[in-house]
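In case you want the letters, here they are:
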Amino acid sequence: QVQLVESGGGLVQPGGSLRLSCAASGFILDDYAIAWFRQAPGKEREGVSCIGSNVGNTYYADSVKGRFTISRDNAKNTVFLQMNSLKPEDTAVYYCAAEQALQCSMWSMDYWGKGTLVTVSS
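Residues numbered from 1 in each chain as written. Predicted model: local features only at pLDDT ≥ 70, side-chain atom pairs only at ≥ 80, totals over all residues. Heavy atoms only, no water.

Chemist: What should I look at first to understand the nonpolar core in this one?
Modeler: With 28 residues, the main nonpolar core has Leu 4, Trp 36, Phe 68, Val 79, Leu 81, Met 83 and Tyr 94 as its most contacted residues. Contributions of two or more residues to this core are made by strand S3 (18–25), strand S4 (33–39), strand S5 (46–51), strand S7 (68–73), strand S8 (78–83), strand S9 (92–99) and strand S11 (116–120). Sequence-distant contacts of Tyr 94, that is, excluding residues within four places in its chain, are made with Glu 6, Leu 20, Trp 36, Phe 37, Arg 38, Val 48, Phe 68, Leu 81, Met 83, Gly 115, Thr 116 and Val 118. Ala 33, Phe 37, Cys 50 and Ala 97 belong to the second-largest nonpolar core, a separate cluster that totals seven residues. (Core = buried A, V, L, I, M, F, W, Y, C linked by side-chain atoms within 4.5 Å. Buried < 20%, exposed > 50% of the residue type's maximum accessible area, 1.4 Å probe, protein only. Helix = DSSP H or I, 4+ residues; strand = E, 2+ residues; numbered from the N terminus. Contact = heavy atoms within 4.5 Å.)

In structure tokens, the structure reads:
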């Protein structure tokens with residue numbers, strides 16, 4: 001069974017931090033670019049960040065540059081999204097997705113997780 005499972009979401013105050021995890025089972029992440037997407041209520045899904053199977057290839061949406069950091073630990077078959085200086089507009093369900101590619105395209109994803117909710121509010 002192929003599965004991606006997100007964790008680490010929750011309620012955090014503006015300016016706070018969260019670390020999201022995306023754990024893969026049923027396949028090995030080494031050959032996949034992994035992306036984080038988010039979808040706020042009533043909004044379309046948007047790409048947040050991506051890391052290629054070539055670790056040097058990363059992407060960040062302009063809205064999160066300087067605040068979010070994506071990383072991967074292939075030994076643990078897990079990808080992380082460190083989110084700092086969180087803003088209310090970061091509130092969304094965050095999804096991870098895997099693309100069998102060296103570099104990120106963020107349009108042709110092979111597997112999707114079910115999502116984890118991040119709420120930024122005082």
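Chemist: Can you walk me through the pattern of salt bridges in this structure?
Modeler: It is possible for side chains bearing opposite charge to pair when their charged atoms get close. Taken as a whole, this structure holds four salt bridges when the rule is applied. Where Arg 38 meets Glu 46, a salt bridge forms, and the shortest distance between an N and an O atom there is 2.7 Å. Residue Arg 38 is classed as buried on the basis of its relative accessible area of 6%. You can call Glu 46 partly exposed: its relative accessible area is 35%. For Asp 62, the salt bridge goes to Lys 65, with nearest N and O atoms at 3.2 Å. (Salt bridge = Lys/Arg side-chain N within 4 Å of Asp/Glu carboxyl O.)

Chemist: I keep staring at the environment of Arg 67 and nothing clicks. Help me out?
Modeler: Mapped onto the secondary structure, Arg 67 falls in the loop between strand S6 (58–60) and S7. Measuring from C-alpha to C-alpha, the distance between Arg 67 and Asn 84 comes to 5.1 Å, with 17 residues separating the pair along the chain. Excluding residues that lie within four positions of it along the chain, Arg 67 makes contacts with Gln 82, Met 83, Asn 84, Ser 85, Leu 86, Lys 87 and Asp 90. Separated by 3.0 Å, the side chain of Arg 67 and the backbone oxygen of Ser 85 make a polar contact. (Polar contact = N/O pair within 3.5 Å; in protein donor to acceptor, adjacent residues only side chain to side chain.)

Chemist: Help me understand the state of the cysteines in this model?
Modeler: In a disulfide, the sulfur atoms of two cysteines are held together by a covalent bond. Enumeration over the complete set of coordinates arrives at two disulfides. One disulfide in the model links Cys 22 with Cys 96; its S-S distance is 2.0 Å. Around the S-S axis, the bridge from Cys 22 to Cys 96 shows a dihedral of about 70 degrees and counts as right-handed. One end of the pair, Cys 22, is in strand S3; the other, Cys 96, is in strand S9, with 74 residues separating them in the sequence. Each member of the pair, Cys 22 together with Cys 96, is buried. Sulfur-sulfur distance for the disulfide between Cys 50 and Cys 104 comes to 2.1 Å. A torsion of -90 degrees about the S-S bond marks the disulfide between Cys 50 and Cys 104 as left-handed. Linking Cys 50 in strand S5 with Cys 104 in the loop between S9 and strand S10 (111–112), this pair joins segments that are 54 residues apart in sequence. Judged by relative accessible area, which is 22%, Cys 104 ranks as partly exposed. Cysteine pairing in the protein follows 1-3, 2-4, where each cysteine in a disulfide is numbered by its order in the sequence. (Disulfide = S-S within 2.5 Å.)

So yeah, pure geometry; function would need other evidence.
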